[in-house]
Structure formats: C-alpha cells, structure tokens
Amino acid sequence: MTLFMPDTLHLGLDHFDVQIRSALAQALGLEKDSLKLERPRDEKMGEFAFPCFRFAKEKKTNPAELAKKLAGELSVEFVAPSAAGPFLNFRVEPAALAKRVASDVSKPNYGCGNLEGKVVVEYSSPNIAKPMHVGHLRTTVIGAALSRLANRAGHEVVRINHLGDWGSQFGKLVAAWNRWGSEEKLSVEPIDHLLELYVRYHKEEENDESLPAAAKVAFQELESGENNKTRVIWKRFTEYSLREFNHIFDRLGSTFDFVRGESWYEDQLDPLIDWLESTGVLEESDGATIVDLKDHGIKTPCLVKTAHGTTLYATRDLAAAKSRWEEFQFERALYVVGAEQNLHFQQFTTVLKKAGCEWASRIEHISFGLIRLQEGKLSTREGRILSLTEVLDRAVELAAEIIEEKNPELDHKEAVSEQVGVGAIIFHDLKHQRNKDVVFNWGEVLSFEGDTGPYLQYSHARCCAILRKADRPAPSIDSIDLGLLSDSPELFVALGRYPQALREAWEKREPMILAQHLLKIASAGNAFYHEKRVLGESEELESARLCAIDLLRKTLGDGLGILGVPTPEEM
RNA sequence: GCGCCUGUGGCUCAACUGGAUAGAGCAUCUGACUACGGAUCAGAAGGUUGGGGGUUCGAAUCCUCCCAGGCGCACCA
C-alpha cells in the first residue's frame, strides 16, 4: 500500500491534513502516517472526514461515541471538528483557508514534489510508412502528460519515441514498392502512397505466393546490415514519415529526448541473443528460438528468433530495455502502449526476470483501452483508418466557426482556433480512465461545452480578461487583506487540493485525476467571478479578488500545461 | 476453449481503492441584473450500480457463479 504522505509537499490543503492527522494520532496513540483522511460525502460538512469504525473497534467503544469524544478533545489551529454519527468531520475556518492556500499557490514550487531518480517514458511510437491515426493519439497524449507529471513530482524524465521502423512489415512494403511503386506519387503524397502499397500487398498476398517470399527476402536483406538497395529505400520511407510525424507532434506539443526507432537497437540484437543464451533461458522449438515461460504461469512462449533467422518485436524490445537500463539506470521505465499488448509485456518482462535482471520489476506497462470505430476495430491493412490529422483539422475548423459566431473581433483567430480545437481533442482523451475502450464519436469529440477542454480554456481566458481590464498588475498576496476572501471557501478548497491531484495522478499513472480536478477548479472559478464582482469594488476588495483571479488563472494554466492543453488568453 | 479488461440515470463518464443520502457533463425542462466575455451561472427531473449468491458494522468497489461486450492466445507489431 502506498502511504499517503502529504508531508512531502505540505502545501495547500495538505497543510491542514497534516495538522489534523497529527492531532488524531496523538489522541489515538497511533502513527500519523498510518492515518488517512477522507472527504465528507457532502462538501458542506467540511473539508476532511475521519471514519471512526476501525478505531472504535480497537478501543472497544462504538464509532459514534468515539467520534463525539474526539470532537470534544481535539484541538487543531483554525480547524473545527464535529461528530456526525460515526464520522468525525473537520471544517477549516474560511479566513485561514484562504490565507494558507493563497500564500501557497503563489509560491513558485506549488505542487512540486521531491522524488528522485530517472523515469524513462516510452510513448507515441508510431509506425513508419503509415499515417498516424486516432489510436496514436492516446499514447502520445497520455505519455506526454505522464512525463510532465513525473517531472513535477521531482523525477528526471527521459522521453523516448520508439518508432516502429523495423520488422518484417518493411520487407512487405519493400516488396510492394518493387512491384508497384511510383516515384512520382512518392514525392507528392509519400504516406498516402506507402499506405496504398501496404494495403495492396495484403490484398494480393492471398493469391500470389511469390509476394510473401519476396517480402521475406527483403526483410532478410534489411537485417543483413549491408547498405543495399532495400536499406536505401527503407531509409527514404523513414525520412518521409518522420517529416509528417513531426508536424503532428508540433501540433500536439509533444517533445522527445530521443527519437529512437527499433532499428536503433539493430546491432544489439546479436549480443542480446548471446547474452540470453549465456543465462540459459533459450530453447529451440520448431526451428525457432524461444524462452519458455510456463514455469511463470504464461502459456505462450516468447519468441526471440524465427525459424528463418530474423528477429521479432520481442527481441527488439528486450534489447531496448537492456540498453536503456545500462544507459539510464532508471528508477522506473514506463511503456505507454495499448492494452492489446498485455501479453507481450508480460512475456518480455518475465524473460528479463528469468534471465536474472532484478531491474525488470521497474518496468511498467501503462496500458490503455482501444479506440474503435462504430464499424469495428481500426485496421490499417483493411483501410479502416481515421487519420489523426483529419480529427485535429475538423476540431480546429469547428473552433473557427464558433469563434466567428461568438467573438468575430478576436485577433489571431487562426492561431486560437488551432489551440482550442487541438485542446478539445487532447482534453477529451485525458479526462477518461486510460484503460477503458473508447468508441470514437464525432459528436462527443467535437463538443466544446460542459466538461471539455474549451470550458477550461474559457475559464482561463476569462481570468485573463479581468486581469487585462484591471489595467494594473495583479496585486501580490502580501499587499492585500486575505480576510476579504473568506467568502469563497469553495474556490480555495479547489485550488488547495491541486497538489493532491498532481500527486495522485502521478502515483496512479492516471492523468484523468488531474483533468477531473481542473474541471472542479474551473467550476468553482466560474461560480466565483459570476457571483462576485471584481472590478469597480472598493479598492481593497478589488485587490483581494483580483489576486484570487490571478491565482485561479495561474493554477488553471499550470494544470492545462501539464496535460498539454494550450491556454490562449482570449478566445 | 484459456487468459486479461470492461459493464453505473436516455448518452458519455466520476465516486478519494471497503465508508455517510452513488456525483458531474451532454440531451430534456425552469430561471439569470441589456453581461468585469452567456464556450457561463443557478435550479428541476432522471438510479434496485448487468444478474444471482456470499464475506461484515457497511459493497458500485472484495470472493464466487452466470450474462453481455472488447482484446489477446509462437515465427505480425
């Protein structure tokens, strides 16, 4: 069990959490870190809750009695305990709440953790010669968000884009190119042409036995290490693809420390096999080289070499993992890869364990659910694809229409449409638990109202607008009367729980937790500036509220930045 | 057939990993000072948490058996 340790951040609401737990620990004669506070079902009952059942049993009284007794005894500065049946609730005094949270939020290290060590994150990893489709959106966006969360938690992060640029599929592609390739088409629309070749290959393969044979030869040529014709054309395909991918990465705001395709590990494959051999895990079966995993509860063996001597996906993943361990000595290595590869990950990590690598336990498969179309699973081979570019373009187009309707005077309309459209797509993906399957639905993806990215962007832009119209710099928190903000506890509770959201999102590798919390913050923020006038109030009140708006703006901007959602100042 | 994942209002999702009266958003219905930007806010209605059984003070959450859907199951990645 991961212990709940806000002490490491001691900011925002966590400050009170620690105080309350200390007092409880003392009263109950227990360790502070063994206690965990919950949230009351109804926010009106307070900010923290402590169910007494378990402890009452130990003390041989009944829970309601214990809650009542503790409510009478406990003394925590600025916090009022109250018993509600078997629950002990705690309400923070609004003035102290506003004061504490405002002062913490304004610090530059708000929500920053102190964890150490390197975290390697492999994500995106599209396949060369194929267009990026909506399936790649998830890994790209989840991986980027987790990288930023890890970084915020204190880790040093190494982002790797493990391009699918190797394997027998390229033998197939080269074989298809040799038969039907057109230089002209390749120079105009390279990816479309390559896709066309790939699809045609799979169509004609069924009736033409010479085709798979040619493909096999081509891949063997590719793996030979020689700089032959096959390799030259493969290199060209790679370059064309990268050009297109980079354009999408720019739009999504994804960056990588290393773009290393599977081919990067090419010269480590033979040493890997030798090493596996030396650990005694290899066996031969039907001409192929395998690692049997039955003794670890996995029925299907892991293949590391085919009967005709070529390597496989698993071989390259094993080599990559070993290489990364030697290069980075990572604390954790995350692989943001779809759930359909669960078995593969079990196999390849188990092979490492079997071969004696104790660090294999640091590898985590961050799996996520499949995106399907109404018609069924996406399939490049069968031409059932939905290109990521098309999805982004349509969102941007719609954003442009809405801007034209709502804010025709806006400057930089095109740039803002791009930010809003792309933001909507990214946020939509990140607001759900990652392991659930998704049936792609245009209506839902292109929604800009309610719990959406544009709603958050709008809230942020509203704050910017108020600050702009104030026509003076946002007051610092030392210059205002924080007591004037005690009428808005909901806002400060939401802002004050931001560090907790960041921490949980990272601990659970679940960006959704941050996404959901940002919605809460925005909702509290919208209610705040809707019911409370900022500009034109008395000088003191205006300053205080302006300051609150600035903190709201700052937190929303920070959170959206971590998720990778752009934050226009006007929209 | 075996393994893994999923099932919560009409739709899309939450529920702090066993806690209080299961919460949001869409859609539906009411309302909001000629608006510090209405991509908003306030409210109403909508639920036997796929079904049965079990574990205990307490279950959407854990165990078990069904049902439905998805994914995977050696020379693809």
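Only a predicted model underlies this, so the values are computations on that prediction, with no experimental measurement involved.

Enquirer: Even after reading the chapter, I still don't get helix 13 (residues 342-354), so can you show me in this structure?
Expert: Since one α-helical turn is 3.6 residues long, residues separated by three or four positions face the same way. With 13 residues, helix 13 extends 18 Å from end C-alpha to end C-alpha; this agrees with the ideal 18 Å at 1.5 Å per step. Listed in full, the buried residues belonging to helix 13 are His-344, Phe-345, Gln-347, Phe-348, Thr-349, Thr-350, Val-351 and Leu-352. In the core, the buried residues of helix 13 are packed alongside helix 11 (269-279), strand 8 (288-291), strand 9 (302-305), helix 12 (313-328), strand 10 (332-336) and strand 11 (363-366). Among the residues trailing helix 13, Gly-356 stands out with phi positive, at a value near 95°.

Enquirer: Mind showing me how you'd approach the packing of aromatic side chains here?
Expert: Remark: the centre distance and the inter-plane angle together describe each pair of aromatic rings, the angle taken between the planes. For the coordinates displayed, the defined rule picks out 18 aromatic pairs. Here Trp-325 and Trp-359 contribute two aromatic rings whose centre-to-centre distance is 5.5 Å and whose plane-to-plane angle is 10°, an arrangement assigned as stacked. Of the two residues, Trp-325 sits in helix 12 while Trp-359 sits in the loop between helix 13 and strand 11, which places them 34 residues apart along the sequence. The exposure class assigned to Trp-325 is buried, which follows from its relative accessible area of 14%. When its relative accessible area of 5% is taken as the criterion, Trp-359 is described as buried.

Enquirer: Please explain the packing of helix 5 (residues 134-153) against helix 19 (residues 498-507) as it appears in this structure.
Expert: Working note: a packed helix pair is described by the angle between its axes plus the distance between those axes. Where helix 5 contacts helix 19, the two axes come as close as 9 Å, and the packing angle between them is 120°. Comparing their axes, helix 19 and helix 5 come out oblique. Crossing hand, helix 5 versus helix 19: left-handed. For the pair helix 5 and helix 19, contact is made by Leu-146, Leu-149, Ala-150, Arg-152 and Ala-153 and by Leu-502, Ala-505 and Trp-506, respectively. Class assignment of the residues belonging to the contact of helix 5 with helix 19 gives a composition of seven nonpolar, no polar and one charged.

Enquirer: Explain the protein's contact with RNA strand B here, please?
Expert: Taken together, 70 residues are adjacent to RNA strand B, and Lys-36, Arg-41, Thr-306, Lys-469 and Tyr-529 come closest. Within 4 Å of the protein, the contacting atoms of RNA strand B are 63% sugar and phosphate, with bases supplying the remainder. Between RNA strand B and Asp-437, the relevant distance is 2.8 Å, taken from a sugar or linking oxygen to a side-chain nitrogen or oxygen of the residue. Among the elements that line the surface near RNA strand B, the one with the most residues is helix 17 (residues 453-470), at eight residues.

Enquirer: Looking at this structure, I do not really get the pattern of salt bridges. What am I missing?
Expert: For side chains bearing opposite charge, pairing can occur when the charged atoms are close. Under the defined criterion, the tally for this structure stands at 34 salt bridges. One salt bridge in this structure joins Glu-43 and Arg-497, with 3.9 Å as the shortest N-O distance. Placement of the pair is Glu-43 in the loop between helix 1 (14-28) and strand 1 (48-51) and Arg-497 in the loop between helix 18 (489-496) and helix 19, with a sequence separation of 454 residues. Between Glu-327 and Arg-260 there is a salt bridge, with the nearest N and O atoms lying 3.0 Å from each other. Of this pair, Glu-327 sits in helix 12 while Arg-260 sits in the loop between strand 6 (258-259) and helix 11, placing them 67 residues apart in sequence. Of the residues examined, Arg-260 reaches a relative accessible area of 6% and is grouped as buried. Through salt bridges with shared partners, a single ionic network connects Asp-17, Arg-21, Lys-32 and Asp-33.

Enquirer: Looking at this model, I keep getting lost on the pairing of strand 4 (residues 118-122). Mind explaining?
Expert: Regular strands show a simple pattern: their side chains alternate between the two faces of the sheet. Of all five residues in strand 4, four are buried; the element is thus mostly enclosed. Note: strand 4 against strand 5 (residues 156-161), five bridges, orientation parallel. Among the inter-strand pairings, Val-121 is bridged to a residue of strand 5, identified as Arg-159. The β-α-β motif built from strand 4, the intervening helix 5 and the parallel element strand 5 has right-handed crossover chirality.

Enquirer: Is there a simple way to think about the side chain of Thr-315 in this case?
Expert: Mapped onto the fold, Thr-315 is located in helix 12. A relative accessible area of 0% places Thr-315 in the buried class.

Enquirer: I'm lost on the sheet that holds strand 8 in this one. Help?
Expert: Backbone-to-backbone hydrogen bonds join strands into a sheet, with any given pair of strands oriented parallel or antiparallel. The strand order 7-8-9 describes an open sheet built from three strands, whose pairing is antiparallel. Edge strands, defined here as strands with exactly one partner in the open sheet, are strand 7 (282-285) and strand 9. Taken pair by pair, the neighbouring strands of this sheet meet at an average axis angle of 45°, ignoring direction. Here three bridges tie strand 8 to strand 9, and the two strands are oriented antiparallel to one another. Residue Val-291 lies in a different strand from strand 9, and its bridge partner there is Cys-302. Seen against the sheet, helix 11 touches strand 7 and strand 9 and runs at an angle of roughly 125° to strand 9.

Enquirer: Is there a simple way to think about the packing of helix 20 (residues 511-531) against helix 21 (residues 539-563) in this case?
Expert: Close contact between helix 20 and helix 21 brings their axes to 10 Å; oriented N to C, the two are set at 155°. Between helix 20 and helix 21, the interaxial angle falls into the category roughly antiparallel. The way helix 20 lies across helix 21 gives a crossing that is left-handed. Within the contact between the two elements, helix 20 uses Pro-511, Leu-514, Ala-515, Leu-518, Ile-521, Ala-522, Gly-525, Phe-528 and Tyr-529 and helix 21 uses Arg-545, Ala-548, Ile-549, Leu-552, Thr-555, Leu-556, Gly-559, Leu-560, Ile-562 and Leu-563. Taken together, the residues of the contact of helix 20 with helix 21 sort by class into 15 nonpolar, three polar and one charged.

Enquirer: Help me understand the side chain of Arg-509, please; the structure alone is not making it clear to me.
Expert: Looking at the secondary structure, you find Arg-509 in the loop between helix 19 and helix 20. Excluding residues within four positions of it along the chain, Arg-509 makes contact with Leu-146, Arg-332, Leu-334, Glu-364, Ile-366 and Arg-434.

Enquirer: Sorry, what's going on with the nonpolar core here?
Expert: For soluble globular proteins, nonpolar side chains are generally found buried alongside one another. Formed by 140 residues in total, the largest nonpolar core has its most connected members in Leu-24, Phe-50 and Phe-492. Those residues in contact with Phe-492 that sit more than four places away from it in its chain are Leu-97, Ala-98, Val-101, Ala-102, Leu-485 and Ala-548. In this structure, Ile-298, Val-304, Ala-314 and Ala-321 belong to the second largest nonpolar core, which totals 36 residues.

Enquirer: Help me understand the environment of Val-337, please; the structure alone is not making it clear to me.
Expert: Summarising the element assignment, Val-337 is placed in the loop between strand 10 and helix 13. Along the backbone, Val-337 and Val-119 are 218 residues apart, and their C-alpha atoms lie at a distance of 16 Å. If near-sequence neighbours (up to four positions away) are discounted, Val-337 is found in contact with Glu-122, Phe-345, His-365, Ile-366, Ser-367 and Phe-368.

Enquirer: Explain the sheet that holds strand 13 (residues 376-377) to me, please; I cannot follow it from the model alone.
Expert: If you trace the three strands from one edge of the open sheet to the other, you get 13-12-14, paired in mixed fashion. At either end of the open sheet lies a strand with only one pairing partner, and these are strand 13 and strand 14 (438-439). In this sheet, strand 14 lies alongside strand 12 (residues 371-373) in parallel orientation, the contact comprising two bridges. Looking at strand 14, one finds that Ile-371 is bridged to Val-438.

Definitions and limits used
Residues numbered from 1 in each chain as written. Chains lettered and ligands numbered in written order. Predicted model: local features only at pLDDT ≥ 70, side-chain atom pairs only at ≥ 80, totals over all residues. Heavy atoms only, no water. Helix = DSSP H or I, 4+ residues; strand = E, 2+ residues; numbered from the N terminus. Expected span 1.5 Å × (residues − 1). Buried < 20%, exposed > 50% of the residue type's maximum accessible area, 1.4 Å probe, protein only. Contact = heavy atoms within 4.5 Å. Phe/Tyr/Trp six-rings, centres within 6.5 Å; stacked < 30°, edge-to-face > 60°. Axes fitted to C-alpha atoms, helices over the stretch in contact; angles between N-to-C directions. Parallel < 35°, antiparallel > 145°, perpendicular 65-115°, else oblique. Left-handed = near helix turned anticlockwise from the far one by under 90°. Nonpolar A, V, L, I, M, F, W, Y, C, P; charged D, E, K, R; others polar. Near = heavy atom within 4 Å. Polar contact = N/O pair within 3.5 Å; in protein donor to acceptor, adjacent residues only side chain to side chain. Salt bridge = Lys/Arg side-chain N within 4 Å of Asp/Glu carboxyl O. Pairing = 2+ DSSP bridges. Right-handed = clockwise from strand over helix to strand, strands pointing away. Core = buried A, V, L, I, M, F, W, Y, C linked by side-chain atoms within 4.5 Å.

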